[in-house]
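Residue strings, one per chain:
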Amino acid sequence: MGVRPPSSGDNEEPDSIEFGIAAVDAHLRDADLSFPATKDDIEGELGHERIPYDVHGNDVPLSEMLAEVPTEEFDSRQELLNQLHKPFEAYRRNNSGGVVAQVRSLLPF
């Protein structure tokens, strides 16, 4: 997931804010990790990383999200991301500021 931050009024394109599995994917691309990989391999390489789960930059350790995934071995990066999608969505729903905060995060002001 990613959301563009509000524009500052200039003509420069703003960077997007990565959170959830998009942020995990960015960490995976930079990691020295190959697939297939076990949950222990991933935790050893990236478990300490804090991953933003919403547009406000609130974060959670990747190891906490991995604990919610029943699979022990992942054949591909995409399989891992697919398995992490539901835990991140559940975490975001349970830890965000509610519907009003979610709507506010999408507005440009």
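The residue count restarts for each chain, going from 1 along the sequence in the order it is written. Since the coordinates come from a predicted model, pLDDT governs what is reported: local features require at least 70, and pairs of side-chain atoms require 80 or more to be given and counted, while whole-chain, interface and lining totals use all residues. The side-chain values count all of the structure's non-hydrogen atoms but skip hydrogen atoms and water molecules.

Observations regarding the overall build of the chain
So, step 1. Per the convention used, a helix needs a DSSP run of H or I reaching at least four residues, while a strand needs a run of E reaching at least two, with both numbered from the N terminus. Counting its regular elements, the chain contains five helices and six strands.
So, step 2. Walking the chain from its N terminus toward its C terminus, one meets helices and strands in the order β-β-α-β-α-β-β-α-β-α-α.
So, step 3. Taken across its 109 residues, the chain has 31% of its residues classed as buried.
So, step 4. Within the chain, contacts between residues separated by at least 24 positions form 49% of all contacts whose residues are at least 6 apart in sequence. Relative accessible area decides the class of each residue, using a 1.4 Å probe on protein chains only: under 20% of the type maximum gives buried, over 50% gives exposed, and in between gives partly exposed. Here, residues are in contact when the closest pair of their heavy atoms is within 4.5 Å.

Overview of the packing of helix α1 (residues 21-30) against helix α4 (residues 77-95)
So, step 1. Where α1 contacts α4, the axes come no closer than 9 Å and their chain directions differ by 145 degrees. When the axes of α1 and α4 are compared, the crossing they make is right-handed. Taken together, the residues of α4 that come into contact with α1 (itself represented by Ile21, Val24, Asp25, Leu28 and Arg29) are Arg77, Leu80, Leu81, Leu84, His85 and Phe88.
So, step 2. Looking at side-chain class alone, the contact of α1 with α4 contains seven nonpolar, one polar and three charged residues. Helix axes use the C-alpha atoms of the stretch in contact, all axes being lines fitted to C-alpha atoms, and the angles between their N-to-C directions lie in the range 0 to 180 degrees. Each helix crossing is assigned a hand: it is left-handed if the near helix lies turned anticlockwise from the far helix by less than a right angle, otherwise right-handed if that turn is clockwise. For this classification, Asp, Glu, Lys and Arg are treated as charged, while Ala, Val, Leu, Ile, Met, Phe, Trp, Tyr, Cys and Pro are nonpolar and the rest, including Gly, are polar.

What about the environment of Ala31?
So, step 1. Relative to the helices and strands, Ala31 resides in the loop between α1 and β3 (37-38).
So, step 2. Along the backbone, Ala31 and Leu46 are 15 residues apart, and their C-alpha atoms lie at a distance of 7.6 Å.
So, step 3. Contact partners of Ala31, with chain neighbours within four places excluded, come to Glu45 and Leu46.

A few points about unusual backbone geometry
So, step 1. In the segment running from Phe35 into Pro36, the intervening peptide bond is cis, with an omega of 5 degrees.
So, step 2. Its location among the elements puts Pro36 in the loop between α1 and β3.

What about helix α2 (residues 39-46)?
So, step 1. For α2, every residue scored as buried is listed here: Lys39, Ile42 and Leu46. Seen end-on, α2 carries its buried residues on one side only, within an arc spanning 65 degrees. Along α2, exposed side chains directed more than 90 degrees from the buried face belong to Asp40 and Gly44.
So, step 2. Of the surrounding secondary structure, the elements contacted by the buried residues of α2 are α1, β3, α3 (62-66), β6 (73-74) and α4. An arc is given here, and it is the one of the directions from the helix axis to the C-beta atoms.

Points about the pattern of salt bridges
So, step 1. Put simply, a salt bridge is a Lys or Arg side-chain nitrogen that is within 4 Å of an Asp or Glu carboxyl oxygen. The tally for this structure, following the rule as stated, stands at five salt bridges.
So, step 2. A salt bridge links Arg77 to Asp25; the shortest N-O distance between them is 2.6 Å. Placement of Arg77 in helix α4 and of Asp25 in helix α1 is noted, with a sequence separation of 52 residues between them.
So, step 3. Here Arg77 falls in the partly exposed class, since its relative accessible area comes to 29%.
So, step 4. Take Asp25: its relative accessible area is 14%, and that puts it in the buried class.
So, step 5. Salt-bridge contacts for Glu89 lead to Arg92; the nearest nitrogen and oxygen are separated by 2.5 Å. Of this pair, Glu89 and Arg92 both sit in helix α4, three residues apart, which is roughly one turn of the helix. In this structure, Glu89 and Arg92 share a single accessibility class: buried.
So, step 6. Through salt bridges that share partners, Asp25, Arg29 and Arg77 make up one connected network.

Any link to function would need more than the numbers given here.
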